[in-house]
Amino acid sequence: MRYWSLLFALAAIISVGIFAYAPISPEWWLPAGPNVSAGHLHSVSSAGKQIDSLFVIILLITGIVFIGTQVALVYATYFFVDKGPNGRKASYFHGSQRLEVIWTIIPAAILVFIALYQMGTWASVKFRSAAPKVQPLAQVTARQFQWVIRYPGEDGKLETKDDLFMVNDLHFVKGKQALIYLKSSDVLHSFFLPALRIKQDAVPGLTIPVWFDTDQAGHYELVCAELCGWGHYKMRGNVTVHETQEEFDQWLQSALKEQSRDQVAAVVTGSQGR
Amino acid sequence: MTSRLRFVLIAGSISFLLTGCGDAFNAGTISYKDSEQFTKKQKDTPDLDGKPQLQEAVRKALADLFGPRPQEIKVPAGSGFPEGGRYLANYEKVGDGVQDIVYTEANSGKKVAVVGGYGLYRKYCLHCHGVQGAGDGPTAEFLYPLPRDYRRGVFKFTSTAPSNPKPTRADLKKTITHGLHGTSMPAFEALMSGSEIEQVIDYVIFLSMRGEVERNLISIAALVDKDDINGITADDIKESLDTVVNNWKATETLVVSPKARRTEPTRESVLRGRDIFLGKKFGTGQPVACTDCHGLHAKGDGSSFVERNIFDKVVFRRKSLDTAIEERYKELGDEHKSAQWQPGGHGGGHDSASSELPETFDAYKNRETTNWDKGSKDDWGNPLRAANLNLGVYKGGRRPIDLYWRIAKGINGAKMPAHGNLLPDDQIWDVVNFILALPYEPDLLKDAEQIKKSVTAAPAVTQR
Ligand SMILES: [Cu+2]
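Criteria and cut-off values
Each chain has its residues counted from 1, running along the sequence as written. Chains and ligands are labelled by the order in which they are written, letters from A for the one and numbers from 1 for the other. Local features in this predicted model are restricted to residues whose pLDDT is 70 or higher, and side-chain atom pairs enter the listing and the counts only when it is 80 or higher, whereas totals over whole chains, interfaces and linings include all residues. Side-chain numbers here rest on the full set of heavy atoms in the structure, without hydrogens or water. The contact definition used throughout considers only heavy atoms, calling two residues in contact when any of these lie within 4.5 Å. Counted as salt bridges are all cases of a side-chain nitrogen of Lys or Arg within 4 Å of a carboxyl oxygen of Asp or Glu. Any pair of nitrogen or oxygen atoms within 3.5 Å is treated as a polar contact; in protein, a donor-acceptor pairing is required on top of that, and neighbouring residues in sequence qualify only through side-chain atoms on both sides. Secondary structure elements are taken from DSSP: a helix is a run of H or I of four residues or more, a strand is a run of E of two residues or more, and numbering for both begins at the N terminus. Charged means Asp, Glu, Lys or Arg here, nonpolar means Ala, Val, Leu, Ile, Met, Phe, Trp, Tyr, Cys or Pro, and polar covers whatever is left, Gly included. Pairing between strands is defined by DSSP: at least two bridges between them are needed. For helices, the fitted axis covers only the stretch in contact; all axes are lines through C-alpha atoms, and the angles between them, taken along N-to-C directions, range from 0 to 180 degrees. Every residue is assigned a pLDDT by the predictor, reflecting its confidence on a scale from 0 to 100. Only nitrogen, oxygen and sulfur atoms within 2.8 Å of the metal, or 3.2 Å for Na, K and Ca, are treated as donors, and water is left out, so sites may look incomplete. Geometry is assigned from the angles between donors: four donors with all angles from 85 to 135 degrees make a tetrahedral site, four or six donors whose opposite pairs exceed 155 degrees while the rest stay between 65 and 115 make square planar or octahedral sites respectively, and everything else is labelled irregular. Each residue gets one of three labels from its accessible area relative to the maximum for its type: buried under 20%, exposed over 50%, partly exposed in between, using a 1.4 Å probe on protein chains only. Here is the rule for angles: anything less than 35 degrees is roughly parallel, anything more than 145 is roughly antiparallel, 65 through 115 is roughly perpendicular, and the remaining ranges are oblique. Handedness of a helix crossing follows the sense of rotation of the near helix relative to the far helix, less than a right angle counterclockwise being left-handed and clockwise being right-handed. Where a domain begins and ends is set by an automatic assignment or by a domain database. In this description, buried area is defined as the sum, over both parts, of the accessible area (probe of 1.4 Å) that is lost when the two are combined.

Asks: Run through the interface of chain B and chain A, naming residues and quoting values.
Replies: Interface size is commonly expressed as the accessible area that is lost once the parts come together. Taken together, the contact between chain B and chain A spans 39 residues of the former and 25 residues of the latter. Applying the counting criterion to the chain B and chain A interface returns three salt bridges. With its nearest N and O atoms 3.1 Å apart, the salt bridge here joins Asp262 of chain A to Arg261 of chain B. At the junction of chain B and chain A, the tally comes to nine residue pairs in polar contact (both at pLDDT 80 or more). Where the side of chain B that touches chain A is concerned, the elements lending two or more residues are α5 (169–178), α6 (194–223), α13 (400–409) and α14 (425–437) of chain B. Each residue belonging to the side of chain B that touches chain A can be placed in one class, and the counts come to 18 nonpolar, 11 polar and 10 charged.

Asks: Tell me about the sheet that holds strand β1 (residues 138–143) of chain A, and please be specific about residues and values.
Replies: For sheets, the rule is that strands pair by backbone hydrogen bonds, running either parallel or antiparallel. Residues and elements named next belong to chain A. Spatial ordering of the open sheet is given by β3-β2-β1-β5-β8, a layout of five strands whose pairing is mixed. Since the sheet does not close on itself, it has two edges, and those belong to β3 (164–167) and β8 (208–212), each with one partner. Averaged over all neighbouring strand pairs, the angle between strand axes comes to 25 degrees, with direction disregarded. Examined bridge by bridge, β1 and strand β5 (residues 178–184) share five bridges and lie parallel to one another. Counted as the bridge partner of Ala138 is Ile180 from β5. Of the strands in this sheet, β2 (146–151) and β3 touch helix α5 (residues 245–259), which is tilted by about 95 degrees from β3.

Asks: Now, about the confidence of the model for chain B: what can you tell me, with residues and values included?
Replies: Residues and elements named next belong to chain B. Summing up the model confidence of chain B, the mean pLDDT is 84 and the portion of residues at 70 or higher is 84%. Considering each helix and strand of chain B separately, the mean pLDDT is smallest for helix α1 (residues 3–19), with a value of 53, and largest for α14, with 96. Here residues 16–26 is modelled with pLDDT under 50, and outside its nearest four sequence neighbours on either side it reaches 12 contacts, counting other chains as well. In this model, residues 347–353 is a region of pLDDT below 50 whose contacts with residues beyond four sequence positions or in other chains number three contacts. For this predicted complex, the interface confidence comes out at an ipTM of 0.80, alongside a pTM of 0.86.

Asks: Describe the coordination of the copper ion, with residues and values.
Replies: All names here are of chain A. Within the first shell, the copper ion binds the protein through His189 (ND1), Cys224 (SG), Cys228 (SG) and Met235 (SD), at distances of 2.1 to 2.4 Å. The coordination sphere of the copper ion comprises four donor atoms, whose angles at the metal cover 94 to 122 degrees; the geometry is tetrahedral. Considered as a linear motif, the donors of the copper ion on their single chain read H-x34-C-x3-C-x6-M. A residue pair is termed long-range when its members are at least 10 positions apart, and Cys224 in strand β9 (residues 218–224) and Met235 in the loop between β9 and β10 (236–242) qualify at 11 residues. The same class applies to Cys224 as to Met235, namely buried.

Asks: Kindly report on the packing of helix α2 (residues 46–79) of chain A against helix α4 (residues 119–126) of chain A, identifying the contributing residues and their values.
Replies: Residue and element names in this part refer to chain A. Between α2 and α4, whose axes approach to 10 Å, the crossing angle comes to 150 degrees. Classified by the angle their axes make, α2 and α4 are roughly antiparallel. Between α2 and α4 the crossing geometry is left-handed. The residues of α4 that touch α2, namely those facing Ala47, Gln50, Ile51 and Leu54, are Thr121, Ser124 and Val125.

Asks: Can you break down the domain arrangement of chain A residue by residue, with the values?
Replies: Residue and element names in this part refer to chain A. Domain boundaries in chain A define domain 1 (3–83 + 95–126) and domain 2 (133–273). For domain 1 versus domain 2, the separation of C-alpha centres amounts to 36 Å. Buried surface at the junction of domain 1 and domain 2, both sides included, amounts to about 1,300 Å², of which 46% is carbon and sulfur. For the interface between domain 1 and domain 2, the tally reads two salt bridges. In this structure, the connection of domain 1 to domain 2 is made through 10 residue pairs in polar contact (both at pLDDT 80 or more). When residues of the side of domain 1 that touches domain 2 are traced back to their parent elements, those giving at least two are α2 and α4. Per element, the largest residue contribution to the side of domain 1 that touches domain 2 is six residues, and it comes from α2. In terms of residue class, the side of domain 1 that touches domain 2 is made up of nine nonpolar, seven polar and three charged.

Asks: Provide a residue-level description of the sheet that holds strand β7 (residues 198–202) of chain A, including the pertinent values.
Replies: All names here are of chain A. Reading across the sheet, the five strands line up as β4-β10-β9-β6-β7 and stay open at both edges, with mixed pairing between neighbours. In this open sheet, the two strands that pair with only one neighbour each are β4 (169–173) and β7. Ignoring which end each strand starts from, the neighbouring axes of this sheet average 20 degrees apart. By the bridge criterion, five bridges tie strand β6 (residues 189–193) to β7 in an arrangement that is antiparallel. Following the sheet pairing, His189 is matched in β7 by Ala202. Across the sheet, α5 lies against β4 and β10, angled at about 150 degrees from β4, the strand it touches most.

Encoded structure:
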């Protein structure tokens, strides 16, 4: 029954096909920026580009190993299949030091390579010493089940009287490093910007700096990536990346103006939905 | 199990998994539950206990007006909702059948499928606010404060006056888009579009109307003799409905608009606001009693409410009131005793009598029980405590206009009274400025005891 091996081969071929297809299909690949046509293969943030290249390298290594092992497997099952009473009898042996050394050293070497190779990226994305020396964009406090976002007002300082308070609404400027301080007021949450490949747990009692940037203006998604309770799935935020600093300042000004409103709103005709 | 049967089971469950949630918004039957007033004897509200015929009559009237089931919505004529419950549900009755509702966007002419207020409510709100809006959804038992029971038609955070007015659409929209900070009521801005929020507002108003009409009808029916064959009349029903509908329609005209612009938050204004908060009378203003409820240090621990420690034991640790009071009294006694052994402790450690608390257990228990029953309950009968104003978290919003509304016209159904008749607008703005400054300058109330004494003594001296 050597044809069974062809079935194994088929499974491997389909897997490799999916491998090869994924990068050219926006739906199958990692989440892209708002403007997909601008080359979805690349993440739109500088951290994202580094992380994606690590991802691709690991994908290549595992891909090569996968193909190699599958070829060996199919070859062995095809050619050494039981040939009936006339065939050579398989012999059994216990342990092979040489083989074991080989299959320990090769994966270990690959792991050490990956560990060393990614260190620079990890350091630039996570090490506090790598945090950009910029004025903080906001303080983001996760709570069940929303993101409470506090922007410094005119004075540029957080925790002062002129701060702007928002819920689930994160704004920053294209091409600039945005630095936030992440907190949690109840349980573990995780601040996740999929398109920018930024993910950081929010830990009660800690204030964690997180920084990110992007080269595409538009709307992004912020989600919670740590199961934090029954409403976890609803813990989403809107991210707006402004084209220019002026645009951002304008938004901030109008939001601050609304926050200091002391008169009844001008009559708004609530005609939506009717 | 035969292999055919197994195949049917497997294929069946796979196809269920694939299709099961297709029309999730409207899947399954759910039905309105009767309010407690139908069959249970009530303490302070009318009830229909032991009057099955009248119960049936009220149920029928409600079904005629609002539809028998959440999925079969009717809207009473003249209620302000589009005929046939359009937009409340995503189906519309056409002739004998139903069809999906499509909404054409005014500016783009694009056709959008309407989920409908009911569908949205079921997806986003029902698990807290419950099927009939009684605030009794499955999640509610884990929450403090409890989700709003819409059926009384009372809403806490409104821009309208006088007493227990309906909110405007804008008020409801603000609550739903921004949530109520410091409570579990979430902000829905990121989850729903503007038109969806309008639809869900419609549905909240619909449930609130239904609940209020239910209450009105029960009040009427409670006065009717249980064997009266006429029961409740068509006029009764119409009247019950009309008062409710008219109240909702009048709301936009009841918005309170401050007569003066906000005073600049200068040092003087903030300090004036503090003194008013502590009870000082200025000019044409009357002395106010914020500290009775909010406490001298605005921690939300005023004497009109049960002690914070007891409140926490009852609400968060689910102890009975009596146990909580007993435990607290014992704790106070222990604190008192250990204070005596400290140098300068107020007991002085002289005679054995002073190791007793100044107040007997019975007096203590009496006072705290009264405080709990009278003070620490809101109009819905749920535990209530005054806000801690040092945290900078405001349920109804932090805009000066929001705080103006809270102080000038109070928080409906939640004990916080209206002060618009006691304080002129400029003084309300002083208080607003003080409240907004307090979280950043806790020292403002450091010497609250002395200030309170001097501040409240002053007018007495001048009057003499
Ligand atoms: Cu979360």
